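A structural walkthrough
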Amino acid sequence: MKTSQFAFKPPANFGPIGTIVLRVLFAVSAILATIATYLSVADSQASTASSPLMIWLLVVNLVFILILGAALTARIYKLFKENQDTQGGARLRLRIIALFGLAAMVPTIIAALLGTLINRSVDNWLSERVYAVVENSSDAAEASVTAVINDVRNNVAEAVTDLNDESVVAAYSNAPVQFQEFLALESQLRDLPVLVIYNENREIVFQINNSSDLEISEMSELNWIAARSDKDAISVSADFVVSTLTKLQAYPEAYLYSASQGPVTVARQLTATQSVLDEYREAGHRKDSLRTVFVLSYIESALLILLGTAWLGMYAAGLIAKPIGDLAAAARAVRDGDLSVRLDRPKARDEVDDLSQAFNQMTMRLSRQRRDLDSARLEAEARSEFIETVLSGVEAGVIRVDPTFRVTLANASAGRLLNIPTESLNDSLLHEIAPEFLSALRETVESRQTVGSNIQLSSGDSVKDIHIRVSPEADMNGFVVTFHDTTRLVAGQRQAAWRDVARRIAHEIRNPLTPIQLSAERIRRRFGKQITEDKETFDSCTETILRQVGDIGRMVEEFSSFARMPKPTLAPFDLNELVKNIAFAQRLASPTVSINADVPDKVTTMTGDERLLGQALTNIVKNARESVERHINTGEIKVGNVSINVEIQDETALLIIRDTGVGFPTEDRSRLLEPYVTTRETGVGLGLAIVNRIVEDHGGEITLGDNELSDSGARVNITLPLTIIREDEDAALISEGEV
C-alpha cells in the first residue's frame, strides 16, 4: 500500500528578517495612510492637508506600499511558475488568493465612501461643489451610453455580415421559412430583440420581435437618407431604445431595421450628471496639491486593503491546499491506474479527515472490483477462445445473426461451405451471402421455434445439398444458423437406391435373356437350311434378335457392374505414370484429337486402387475425346484438344481435364453425376455415376464446369488425397450411402 505525499512547497520565503521587515513596512504604511486620511477629513483648514510635508509623507508611504506589492507579486509569480511546473499543482491556492482579492472589494468601496467625505470637506474649504466627481460621473455615463450604442452597432454589423452570405441571400427569395428561422436565430445570437427587413417602399418583408416591451418605431427621413447612402442611421429614444437602419448590399433594395433596449438607469444617470455638470462648470479649478493628497490617500487605503486581504488569502491557501493537494495527487495516481495509493489521515477530525477516509475506502473497493473484473475478463476470454476453437474445428457451418439479419459471428466452415472468405462474412447481411437461408430464418421468426430444412446452394459451377437449422436466442435477440453439406449423403442415398434398381433390373432381364438367345440360335440352325424363299429376311431377323440380345446383355452387365461396385484395393502407385498411359491410349484411339498430359517432373506416389482410378480417368478422357470429335463433326471447330493437368497441393492431388468439345449443359449440370442421367442419345447414363463412385470411394471429389481457357468445352476437376486412411466398415457405410 502506498501513501500519497503531495509535494506542497510554499513560495520562496524572504527569511525571518525579511518577513519581519515586510510586516513592519505594512504596519507603518497603514499608520501613515490612516493619519493622512484623518487629517484630510477631520481638519477644517486645507493648509494642513495640502502642505508639502503631507504630500511627501504620502509619497514615501506609497513607496512602502509599492515595495509590499512587489514582494506579494514575487510570491504570486512563484505560485504561477509552480502551477506551470506541476501542471496545475498550485491552481487551488491561486483561486483562494483571487477569492480573497475579490473580497477586498468591500473595504475598497468603504474607501471610496471615505473619498466622497473628503471631497465634501474640500468643498467646504473652497465653497465649491464636487465638480470633478460630477464631471467624472457624467463622462462615465456618456461612455456607458456610447459603449451601449457601439455594442448595438457592432451586433448589427455582424448580423448584416451574416445576412449578406450567399446561402442566406438565396433563402431570402427561394426559402422564406428558412430565412425567417435564420433571422430569428440572428436576433437571439446578436442580442437584437427586434429585427425587421424593409423593402424600398418601406414595407415590412420579414420581422422578428422577441420582446413584448419594444415596438417597431418609425425612422426619420434623415435616417432613411443616411441608410441609402450606406451611412450609420442610429436613433436613441428618451427611454434609451436604440434603433438602427442599415442597407443590405447583397439584396435588391433591402434594409435591416433593429431595436434594442439599453440600460434605462444609464440614460437617467447621464441626464442627471449632465445637468449637475452644467451647474458646476462655472466653478474654479481645484488646488492641485489638495487633489494630490486626496488621491494618494484613497489609493494607499485601497492598496493596503488589497495587500492585506491578498496576504491573508495566501496564508489561508497554504493551510487549505496541503490536504487538498494530497487528495489531488492521490486522485491523479488513481487516474493513472494505481489503486494501492492511500491518504494519511490528518490529526484534526474534520471534513478533510472524513474525505480522506472516504477516499481510502473508495480506492480499496475499486481495487477489489478491478481484481474481480480482471478475473471475470480472463475467464470470459478463456471461454471465448474455447468456443472459437470448438467452432473452428466443427465441419458444420455456424453463423450468428442479429435481429436485422446481419452476421455477427461465423466460423471457418461457414466460409468454406459458402465459398466466401471468413473475414468477409462478419458484418454482412444474410441475404447478400446466402439468400437461400432466408425462408428458414423467416419461419423461425414467425414460429419463434427451431426450424430445420433442406435446401440447394449454388457454389460456382456446382450445386450443394445443404441441411440448415435455425435456432432463436432468448428474447429473439439473435439467431444461430447451423448448416452442413449433405451432398455426398444425398448422392450416396440416390446411388444406393439406383444400385438396388439396377440389381433388380439386371436380375429380371438376365433370366429371359439366355432362353431368347438360345432359341434364336436354334431357330437359325434348325430352320436355316429349310427356308428357301426370302432367306435373307430370315437371316436378317435372326441376326437382329441375336445382336439386340447381345446389346441388352452388355447393358445388363453395366447394371450389374454398377450394382456390385467392388471396394478399392489400396496400394501405392505413380499417379503421373497412370495419367500419361491413359493419355497415350486415347491418342491411339483418335489420332485427330490432340491429347496432352501435363504432370509434375517428380514422381507422385498415391495410395489407391490403380485399376479403378484408371477406369474412372479413362472414362472421363474418353468422354472428352468423343465430345471433341462430335464438335469437329458439326463443323464448328476444325482442330480440337484434350488436356490433363496434375497439380499437387500439400497432400492433395488436383486433376483438371479440359476439352474443346460441346461442353456440359448449364441446367441440372450437377445431376450428370447421378445414375441414368446422360446428354448422349446412345448413352445409358452410368459412366459418370461410376466415376463419381470411384472418386468418392477414394475420399475425393469431382466437379463439372466450363473450360475457362476456350470459347467452348468442358472442365472436370477431380480432387484426390494422396493418402487414404479409413476403416473398412466406415468405407462400406459411405459407399452404401448409409450415414
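Model, not experiment: these values are computed from the prediction.

Focus: the sheet that holds strand 18 (residues 701–706)
Strands sit in the order 14-16-17-19-18 across an open sheet of five strands; the sheet is mixed. What marks the edges here is a single partner per strand, and that holds for strand 14 (594–598) and strand 18. The mean inter-strand angle of the sheet, taken between neighbouring strand axes irrespective of direction, is 15°. Sheet topology places strand 18 next to strand 19 (residues 714–721); six bridges connect them, and they run antiparallel. Note on strand 19: the bridge partner recorded for glycine 705 is arginine 715.

Regarding the pairing of strand 15 (residues 605–608)
In strand 15, alternate side chains face the same way, and those of Met606 and Gly608 are buried while those of Thr605 and Thr607 on the opposite face are not. Here four bridges tie strand 13 (residues 571–574) to strand 15, and the two strands are oriented antiparallel to one another. Bridge pairing in strand 15 links phenylalanine 573 to methionine 606.

Examining the sheet that holds strand 5 (residues 241–248)
The antiparallel open sheet is built from five strands, whose spatial order is 3-2-6-5-4. Looking at strand neighbours, the two that pair on one side only are strand 3 (204–209) and strand 4 (233–236), the edges of this open sheet. For this sheet the average axis-to-axis angle between neighbouring strands, irrespective of direction, equals 15°. Relative to strand 3, strand 2 (residues 194–199) runs antiparallel, the two sharing five bridges. Directly across from tyrosine 198, in strand 3, lies its bridge partner isoleucine 204.

Digging into a nonpolar patch on the surface
Taken together, the side chains of Trp56, Val59, Val63 and Ile67 present a nonpolar region at the surface, about 380 Å² in accessible area. Looking at where isoleucine 67 falls in the secondary structure, it is placed in helix 3 (residues 52–85). Exposure remark for isoleucine 67: the relative accessible area of 39% places this residue in the partly exposed category.

Some remarks on helix 19 (residues 575–589)
Since one α-helical turn is 3.6 residues long, residues separated by three or four positions face the same way. The end-to-end C-alpha separation of helix 19 is 22 Å, in line with the 21 Å expected for 15 residues at 1.5 Å each. For helix 19, the set of buried residues is Leu575, Asn576, Leu578, Val579, Ile582, Ala583 and Gln586. Projected onto a plane normal to the axis of helix 19, the buried residues spread over an arc of 165° and lie on a single side. Buried-residue contacts for helix 19 involve strand 13, strand 14, strand 15, helix 20 (610–633), strand 16 (641–649) and strand 17 (652–659).

Details of the nonpolar core
Counting residues in hydrophobic clusters, the biggest one holds 37 residues, and the most contacted among them are Leu575, Val579, Ile620, Leu655, Ile657 and Ile718. For this core, the secondary-structure elements that each account for two or more residues are helix 19, helix 20, strand 16, strand 17, helix 21 (687–697), strand 18 and strand 19. Counting residues per element, this core draws most heavily on helix 20, at eight residues. Ignoring sequence-local partners within four residues, the contact set of valine 579 consists of Ala597, Val599, Leu617, Ile644, Val646 and Leu655. Core analysis: the second largest hydrophobic core is formed by 26 residues, Val152, Val160, Ile197 and Tyr251 among them.

As for the pattern of salt bridges
Evaluation of the coordinates by the stated rule reveals 15 salt bridges. Here glutamate 158 ties to arginine 190 by a salt bridge, and the two come within 2.9 Å at their closest N and O atoms. Of this pair, glutamate 158 sits in helix 6 (residues 131–163) while arginine 190 sits in the loop between helix 8 (176–189) and strand 2, and the two are 32 residues apart along the sequence. Look at glutamate 158 and you get partly exposed, because its relative accessible area is 36%. Between glutamate 577 and lysine 580 there is a salt bridge whose closest N-O contact spans 3.7 Å.

A few points about a negative patch on the surface
A cluster of acidic residues, Glu533, Asp534, Glu536 and Asp539, forms a negative patch on the protein surface. Look at aspartate 534 and you get exposed, because its relative accessible area is 52%.

A short note on the environment of methionine 219
Here methionine 219 lies in the loop between strand 3 and helix 9 (221–228). Overall, methionine 219 belongs to the buried group, its relative accessible area being 9%. Excluding residues within four positions of it along the chain, methionine 219 makes contact with Trp224, Ala233, Ser235, Ser243, Thr244, Leu245 and Tyr257.

Concerning the environment of leucine 722
Locating leucine 722 in the fold gives a position in the loop between strand 19 and helix 22 (728–736). Once you skip the residues sitting within four places of it in the chain, leucine 722 turns out to touch Thr604, Thr605, Met606, Thr607, Ile648, Asp650, Glu651, Thr652 and Ala653.

Details of the confidence of the model for the protein
Taken over all residues, the pLDDT of the protein has a mean of 76, while the share at 70 or more is 75%. The weakest mean pLDDT in the protein belongs to helix 22 at 41; the strongest belongs to strand 17 at 93. Here residues 1–12 is a poorly scored stretch, pLDDT under 50, and it has 35 contacts once near neighbours within four places are set aside; other chains count. Between residues 727–739, whose pLDDT stays under 50, and residues either more than four places distant or in other chains, the model counts 14 contacts.

With respect to the packing of helix 20 against helix 21
The contact between helix 20 and helix 21 brings their axes to 9 Å, and the two run at 140°. Taken together, the axis directions place helix 20 and helix 21 in an arrangement best described as oblique. Note that helix 20 runs across helix 21; the crossing there is left-handed. Residues Leu612, Leu613, Gln615, Ala616, Asn619, Ile620 and Asn623 of helix 20 pack against Gly687, Leu688, Ile690, Val691 and Ile694 of helix 21. Its residues assigned to classes, the contact of helix 20 with helix 21 comprises eight nonpolar, four polar and no charged.

Re helix 7 (residues 166–174)
Within helix 7 the residues assigned to the buried category are Val168, Ala171 and Tyr172. Across the axial projection of helix 7, the buried residues extend over an arc of 110°, all falling on one side. Exposed residues on helix 7 whose side chains face more than 90 degrees from its buried face are Glu166, Ser173 and Asn174.

Definitions and cut-offs
- Residues numbered from 1 in each chain as written.
- Predicted model: local features only at pLDDT ≥ 70, side-chain atom pairs only at ≥ 80, totals over all residues.
- Heavy atoms only, no water.
- Pairing = 2+ DSSP bridges.
- Helix = DSSP H or I, 4+ residues; strand = E, 2+ residues; numbered from the N terminus.
- Axes fitted to C-alpha atoms, helices over the stretch in contact; angles between N-to-C directions.
- Buried < 20%, exposed > 50% of the residue type's maximum accessible area, 1.4 Å probe, protein only.
- Patch = residues over 30% accessible without salt bridge, like charges linked within 9 Å, V, L, I, M, F, W, Y side chains within 5 Å.
- Areas by Shrake-Rupley, 256 points an atom, 1.4 Å probe, with all protein chains shown as cover.
- Salt bridge = Lys/Arg side-chain N within 4 Å of Asp/Glu carboxyl O.
- Expected span 1.5 Å × (residues − 1).
- Arc of directions from axis to C-beta.
- Contact = heavy atoms within 4.5 Å.
- Core = buried A, V, L, I, M, F, W, Y, C linked by side-chain atoms within 4.5 Å.
- Lys, Arg positive; Asp, Glu negative; His and termini not counted.
- Charge placed at Lys NZ, Arg CZ, Asp CG, Glu CD.
- pLDDT = per-residue confidence, 0-100.
- Parallel < 35°, antiparallel > 145°, perpendicular 65-115°, else oblique.
- Left-handed = near helix turned anticlockwise from the far one by under 90°.
- Nonpolar A, V, L, I, M, F, W, Y, C, P; charged D, E, K, R; others polar.

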